[in-house]
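Topology and contacts: notes
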Amino acid sequence: MNSLSNIVLPTAELELWRYSRIGELDLTTMSVGSVVTNVVGEAEVGGRSQIALADISSEEPDVFESLHQQHADVVRVATRRGQTINQPILITHGARDSGTVGFPSLEIDAAENSEVVVIERFVSVDGCRALVVPMVKIRAAQSARVTYVAINELSRDTWMIGYQRASGDRDSTISTSTVALGGDYSRMRAAVRLVGQGASAKQVALYFADGDQMHDFRTLQDHAAPRTRSDLLFKGAVRDTAKSVYTGLIKIRDNADKSEAFQTNRNLTLSSGAWAES
């Protein structure tokens, strides 16, 4: 295993990590490990990354993204032109070893006029004091239809710092949903860029936290072509001393005339000690 003792972590003083719990993370006692991945459906396990979507983020890659590029375990889903995959593809990542950092990676490459549904679950055994750093990259070609669902069922001892990146070409449709229930501290940066005329994207998240849990979301809706449409809805509830943070940005570029963008974040605090920041 590779030691992470020399990694310099960001601080909560940076805007990108504002309100986060990054100051509680100690990588000096952790090393690079792996998660156990199980796939049901048409997917290729192993190999190198084949999708580069770094340009869809308005922010510089952080240290965890850089580490992910070095240590990613890639699962790849690719469709053929005009293909419809009738059954959802289910991918489950399980963290088992305390003191490790795992880097599960998923790439969805949907060809022209194809359709696919992918469900990705994250679980860990009780008492597993580990960090999971997942990344999904989605590329939807012209008229492709991609549905992606992420489900966080990690134990209360596990951290997650995750990334979602998606790019939609002409008349494509991308739907991403996140269900966040588990983990001690769970953070997700989700960005979608609409690069073809008529492309659309829908981003949905449902989250619940209790005890000392914290869910942290940071989103970007980037319109880079005319007549594009994005719709975001994030809803959550917190109780006890749990916390949630949502930060969202809509970017409509100069060439993206007649675009439409919607963004909604709704929070419910169920206890006097709970806290939600939007």
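Above this text sits the structure in question.
Predicted model only: the values in this text are computed from it and were never measured. (Residues numbered from 1 in each chain as written. Predicted model: local features only at pLDDT ≥ 70, side-chain atom pairs only at ≥ 80, totals over all residues. Heavy atoms only, no water.)

This part takes up the pattern of salt bridges. Under the counting rule described, the total for this entry stands at 21 salt bridges. Measuring nitrogen to oxygen at the nearest pair gives 3.4 Å for the salt bridge that ties E107 to R76. Of the two residues, E107 sits in strand β7 (residues 104–110) while R76 sits in strand β4 (residues 73–78), which places them 31 residues apart along the sequence. Residue classification places R76 among the buried positions, given a relative accessible area of 12%. Between R239 and D210 there is a salt bridge, and its shortest N-O distance comes to 3.4 Å. Placement of the pair is R239 in the loop between β17 (229–238) and β18 (243–252) and D210 in the loop between β15 (200–209) and β16 (214–223), with a sequence separation of 29 residues. Judged by its relative accessible area of 36%, R239 falls in the partly exposed class. (Salt bridge = Lys/Arg side-chain N within 4 Å of Asp/Glu carboxyl O. Helix = DSSP H or I, 4+ residues; strand = E, 2+ residues; numbered from the N terminus. Buried < 20%, exposed > 50% of the residue type's maximum accessible area, 1.4 Å probe, protein only.)

On to the packing of aromatic side chains, then. Within the structure shown, the criterion is met by six aromatic pairs. Between Y19 and W275, the aromatic rings sit 5.8 Å apart at their centres with planes inclined by 55°, giving tilted as the arrangement. Here the residue Y19 occupies a position in the segment before β1 (31–32), and W275 occupies one in strand β20 (residues 275–277), the gap between them amounting to 256 residues. Since its relative accessible area comes to 31%, Y19 is described here as partly exposed. Taking relative accessible area as the criterion, W275 reaches 30% and is therefore assigned partly exposed. (Phe/Tyr/Trp six-rings, centres within 6.5 Å; stacked < 30°, edge-to-face > 60°.)

Further remarks concern the pairing of β7. Across the seven residues of β7, seven count as buried, placing the element largely inside the fold. Alternating positions in β7 separate into two faces, P104, L106, I108 and A110 on one and S105, E107 and D109 on the other, with burial throughout. In this sheet, β7 lies alongside β4 in parallel orientation, the contact comprising six bridges. Following the sheet pairing, V75 is matched in β7 by L106. Across six bridges, the pairing between β7 and strand β10 (residues 135–140) is parallel. Its bridge partner lying in β10, A110 is registered against A140. (Pairing = 2+ DSSP bridges.)

Looking now at the sheet that holds strand β13 (residues 173–180). Remark on secondary structure: sheet strands pair via backbone hydrogen bonds, oriented parallel or antiparallel. With mixed pairing, eight strands are arranged side by side in an open sheet as β2-β5-β8-β11-β13-β15-β17-β19. Taken across any chain shown, the strands that pair with only one partner, and hence form the sheet edges, are β2 (36–40) and β19 (260–269). Ignoring strand direction, the axes of neighbouring strands in this sheet form an average angle of 10°. (Axes fitted to C-alpha atoms, helices over the stretch in contact; angles between N-to-C directions.)

This brings us to the pairing of β10. Judged by how many residues are buried, β10 sits mostly within the fold: five of six residues are covered. Pairing between β10 and strand β12 (residues 159–168): six bridges, direction parallel. In the strand pairing of β12, V136 is matched with Q164.

The next point concerns the side chain of S114. With respect to the helices and strands, S114 occurs in the loop between β7 and β8 (115–124). Given the relative accessible area of 0%, S114 is considered buried. A distance of 2.6 Å separates the side chain of S114 from the backbone oxygen of A111, its partner in a polar contact. For S114, the contacting residues outside a window of four places in its chain are T79, R80, G82, Q83, S143, A144 and R145. (Polar contact = N/O pair within 3.5 Å; in protein donor to acceptor, adjacent residues only side chain to side chain. Contact = heavy atoms within 4.5 Å.)

Of note in the backbone geometry, D171 takes a positive phi value of approximately 60° without being a glycine. Relative to the assigned elements, D171 resides in the loop between β12 and β13. With a phi angle near 55°, R227 is a residue other than glycine that sits in the positive phi range. Assignment of secondary structure puts R227 in the loop between β16 and β17. The class of R227 is partly exposed, set by a relative accessible area of 46%.

Right, let's talk about the nonpolar core for a bit. Judged by nonpolar contacts, the single largest core of 39 residues is most densely connected at L106, I108, V116, V118, Y148 and F217. Setting aside its immediate chain neighbours within four residues, Y148 contacts L106, I108, V118, E120, V136, I138, Q164, S175, T176 and S177. Counting 21 residues, the second largest nonpolar core, distinct from the first, contains V32, V133, M135 and V245. (Core = buried A, V, L, I, M, F, W, Y, C linked by side-chain atoms within 4.5 Å.)

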